[in-house]
Amino acid sequence: MTQSRPRSQPPVSGTQPQEADVLRHTLRSAGYLKMLGFCALIGVPVSLAAFWFLVALHELEHALWADLPHAWGWDAPPWWWPLPLLLVAGTAVGLVVTHLRGGGGHIPASGLHTGGASPAALPGILLAAVAALPFGAVLGPEAPLMALGGGLALLFRDLAQAPATPQGTALVGAAGAAAAISAIFGNPLVAAVLLIEVAGVGGPQLFAVMLPALLSTGVGSLVFTGLGRWTGLATGDLSLELSVPVPRLDGADVLWSVVIAVALAAALHPVLAAARAVAAYVTARPFVRTVLCALGAAVCAALYALVTGRAPDEVAASGQATLAALAADPHAWGVGTLLAVLLFKGAAYALCLGGLRGGPVFPALFLGAVAGVLLAPLPGLGIVPAMAAGMAAGAAGTLRLPVSSVVLVILLLGGTAMMPVVILAAVVAFVVTELLPVGASAPAVPAEPPAR
């Protein structure tokens, strides 16, 4: 008879005892416990600030793109509407970049970043976001939100005169960023996963270990689903039966999701490379070229409206509201319109990623959804699986954050029925993106305003 090991004793061999002892020692330390308590407290003011920041952006965008055109007698913004708005946006962002500390935040073409912005850089970051996002920049609010949350957390830490160690600064900044970013995604789990991946905890080895596990879970889910359907037997699970009907996945959905992922990763790669080239171009003369990038994005939106006869805000802005309209009635978008929005919004996205300030998430989701709707008529493929695979591939290929992309798309879909194709599309798009040539990286924003 084998005698069980007392719980107080560590395992006999391996590296786990050392890691467990380090973790236990960290959790018992007074400094770490104080840090946890402080992070819990700063979540309240950071969340309030993030909420009102998002409300201000939403109200201003609605006033500029809905209320003002209606007040002037138009049912929708006319084709030329983006030109003056994005001229204002480019001018304001250019002034922030050249005059205020922090350059308005990091360049979106370089991806998302953790850590809090310095309190001195926060005014510029907020001004650049308010100037760019409601006025039609093809970017989302997640990057300014992360900077706002992290910067406020560091400001509160300094006001409380807490010790400013490098490790503590990283922890407090990440906690503030997570509290703020959960406001836009409406889910703390998405924020936590996103921050883990963005921070690069574990480095490249984390992705090397995570991808096979993520892929195997998607394949395993397909196998279990198929076996349950074929045999009529059940193993018991934790899923809930929903009252709304959901489509059943089949082999064609799975195969097409891989094709969609490869195609989207290959299509978005030159868009992101162009964005990095635009960022390098803007750095040499930031004010003038920021205005030119904004005007270029406005021309894309105006041309889309002229070519299709639809509203220019389907190309301008982040695409968050348009994504909901697309999901609600995808059949209202013809093939020509879908191709046009991919072309013009993709070009505007590259210009805004390199020249303005904001986040890359929502335009990537929208472009992926549009590609999914465009490819949905393929044999055996439905609109819901196609949109799910497209959004997952677009997010993973752009952000290079596969787990966050999966969690975010599943949250948007409101259920787990499409999880296998979402996982497959995210993993395939991430791998294809990583295997493609990297190219030049986006330049960093200097802490001090550049010389004019």
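These numbers come from a predicted model, not from an experiment.

Undergrad: Looking at this structure, how should I read the overall build of the protein?
TA: Scanning the protein from N- to C-terminus turns up 16 helices and 0 strands. Every one of the 452 residues in the protein was classed for burial, and the buried ones make up 46%. Across the protein, every contact between residues at least 6 apart in sequence was considered, and the portion connecting residues at least 24 apart equals 79%. Within the structure as shown, the protein displays about 21,400 Å² of accessible surface, and the carbon and sulfur contribution to it stands at 69%.

Undergrad: How do you make sense of the side chain of Thr290 when you look at a structure like this?
TA: Here Thr290 is to be found in helix H10 (residues 286–308). Given a relative accessible area of 1%, Thr290 falls into the buried group. Each residue touching Thr290, except ones within four places of it in the same chain, is listed here: Gly90, Val93, Gly94, Val282, Gly355 and Leu356.

Undergrad: I tried to follow the nonpolar core on my own but got confused; where do I start?
TA: Soluble globular proteins tend to pack their nonpolar side chains together in the buried interior. Counting 108 residues, the largest nonpolar core has Ile181, Phe185 and Leu365 as the members making the most contacts within it. When near neighbours in sequence (up to four residues on either side) are disregarded, Ile181 contacts Glu142, Leu145, Met146, Ala191, Leu194 and Leu195. Core analysis: the second largest hydrophobic core is formed by 7 residues, Met35, Cys39, Ile42 and Ala153 among them.

Undergrad: Please clarify how the state of the cysteines should be interpreted in this entry.
TA: What is meant by a disulfide is a covalent connection between two cysteines, made through their sulfur atoms. Evaluated as defined, the whole model comprises 0 disulfides. Take Cys293: it sits in no disulfide, and the sulfur closest to it among the cysteines is that of Cys352, at 8.0 Å.

Undergrad: Please clarify how the confidence of the model for the protein should be interpreted in this entry.
TA: Detailed conclusions should not be drawn from predicted coordinates in areas where pLDDT is low. Summarising the model, the protein shows a mean pLDDT of 81, and 77% of its residues fall at 70 or more. The secondary structure element of the protein with the lowest average pLDDT is helix H8 (residues 203–231), at 51, and the one with the highest is H10, at 97. Contacts for the low-pLDDT stretch residues 224–245, under 50 throughout, to residues beyond four places or in other chains number 5 contacts.

Undergrad: What exactly am I supposed to notice about unusual backbone geometry here?
TA: Working note: non-glycine residues mostly have negative phi, and peptide bonds are mostly trans. Residue Ala317 is not a glycine yet carries a positive backbone phi of 70 degrees. If you trace the backbone, Ala317 turns up in the loop between H10 and helix H11 (320–328).

Undergrad: How do you make sense of the pattern of salt bridges when you look at a structure like this?
TA: If charged atoms from side chains of opposite charge come close, those side chains can pair. The final tally for this structure, using the stated rule, is 2 salt bridges. Between Glu314 and Arg310 there is a salt bridge, and its shortest N-O distance comes to 2.9 Å. Across the salt bridge formed by Arg400 and Glu434, the nearest N and O atoms sit 2.7 Å from each other. Here Arg400, found in the loop between helix H14 (383–399) and helix H15 (402–413), pairs with Glu434, found in helix H16 (residues 419–435); they are 34 residues apart in sequence, far enough to count as distant.

Undergrad: Is there a simple way to explain the packing of aromatic side chains in this structure?
TA: How two aromatic rings sit relative to each other is set out by the distance from centre to centre and by the angle between their planes. Per the counting criterion, the structure on display carries 6 aromatic pairs. Aromatic side chains Phe51 and Trp52 sit 5.0 Å apart centroid to centroid with 80 degrees between the ring planes, which places their arrangement in the edge-to-face category. Relative accessible area serves as the criterion here: at 56%, Trp52 is assigned to the exposed category. Through a chain of ring-to-ring contacts, three or more aromatic side chains come together here, namely Trp72, Trp74, Trp80 and Trp81. Between the NZ or CZ atom of Arg289 and the centre of the ring of Tyr281, over which it lies, the distance is 4.0 Å. Here the guanidinium or amino end of Arg310 rests over the ring plane of Trp333, the centre of that ring lying 4.3 Å away.

Undergrad: Whenever I open this one, the environment of Ile107 confuses me. Can you help?
TA: Checked against the element boundaries, Ile107 lands in the loop between helix H3 (82–99) and helix H4 (122–132). Take Ile107: its relative accessible area is 6%, and that puts it in the buried class. A sequence separation of 251 residues divides Ile107 from Gly358, and the C-alpha atoms of the two residues are 7.9 Å apart.

Undergrad: I would appreciate a short explanation of the packing of H3 against H4 in the present structure.
TA: Geometrically, a packed helix pair is captured by the angle between its two axes and the distance between the axes. Packing of H3 against H4 brings their axes to within 8 Å, and their N-to-C directions diverge by 170 degrees. Viewed along their axes, H3 and H4 adopt a mutual orientation that is roughly antiparallel. Here Ala89, Ala92, Val93 and Val96 of H3 lie close against H4, whose contacting residues are Gly124, Leu127, Ala128, Ala131 and Ala132. Of the residues contributing to the contact of H3 with H4, the split by class is 8 nonpolar, 1 polar and no charged.

Undergrad: Help me out: how do you make sense of a nonpolar patch on the surface in this one?
TA: A grouping of Trp79, Val299, Leu303, Leu306 and Val307 is seen on the molecular surface, where their side chains present a nonpolar patch of about 460 Å² in accessible area. For Trp79, the location among the structural elements is in the loop between helix H2 (30–71) and H3.

Undergrad: Would you mind showing me how to read H10 here?
TA: Quick reminder: α-helices carry 3.6 residues per turn. Residues three or four places apart thus point the same way. The terminal C-alpha atoms of H10 lie 33 Å apart, and with 23 residues this matches the ideal 33 Å at 1.5 Å per residue to within 8%. Gly309 occupies a position one or two residues after H10 and carries a positive phi of about 75 degrees.

Undergrad: Just to check I follow, could you spell out the environment of Ala174 for this structure?
TA: Take Ala174: it is sitting in helix H6 (residues 166–185). Along the sequence, Ala174 and Ala192 sit 18 residues apart, while their C-alpha atoms lie 9.4 Å from each other.

Undergrad: When you look at the packing of H11 against helix H13 (residues 361–375) in this model, what are you seeing that I'm missing?
TA: Two numbers describe how H11 lies on H13: the axes approach to 9 Å, and their chain directions differ by 25 degrees. With respect to H13, the axis of H11 lies roughly parallel. When you trace H11 past H13, the crossing you get is left-handed. Residues Gln320, Thr322, Leu323 and Leu326 of H11 touch H13, and the partners they reach there are Phe362, Leu365, Phe366, Ala369, Val370 and Val373. Here the residues of the contact of H11 with H13 are counted per class, giving 8 nonpolar, 2 polar and no charged.

Undergrad: Whenever I open this one, the environment of Ala129 confuses me. Can you help?
TA: Assignment of secondary structure puts Ala129 in helix H4. You can call Ala129 buried: its relative accessible area is 0%. For the pair formed by Ala129 and Leu57, sequence separation is 72 residues and the distance between their alpha carbons is 8.5 Å. Among residues more than four places away in sequence, those in contact with Ala129 are Phe53, Leu57, Pro134 and Pro144.

Cut-offs applied
Residues numbered from 1 in each chain as written. Predicted model: local features only at pLDDT ≥ 70, side-chain atom pairs only at ≥ 80, totals over all residues. Heavy atoms only, no water. Helix = DSSP H or I, 4+ residues; strand = E, 2+ residues; numbered from the N terminus. Buried < 20%, exposed > 50% of the residue type's maximum accessible area, 1.4 Å probe, protein only. Contact = heavy atoms within 4.5 Å. Areas by Shrake-Rupley, 256 points an atom, 1.4 Å probe, with all protein chains shown as cover. Core = buried A, V, L, I, M, F, W, Y, C linked by side-chain atoms within 4.5 Å. Disulfide = S-S within 2.5 Å. pLDDT = per-residue confidence, 0-100. Salt bridge = Lys/Arg side-chain N within 4 Å of Asp/Glu carboxyl O. Phe/Tyr/Trp six-rings, centres within 6.5 Å; stacked < 30°, edge-to-face > 60°. Lys NZ or Arg CZ within 6 Å of the ring centre and 35° of its normal. Axes fitted to C-alpha atoms, helices over the stretch in contact; angles between N-to-C directions. Parallel < 35°, antiparallel > 145°, perpendicular 65-115°, else oblique. Nonpolar A, V, L, I, M, F, W, Y, C, P; charged D, E, K, R; others polar. Patch = residues over 30% accessible without salt bridge, like charges linked within 9 Å, V, L, I, M, F, W, Y side chains within 5 Å. Expected span 1.5 Å × (residues − 1). Left-handed = near helix turned anticlockwise from the far one by under 90°.

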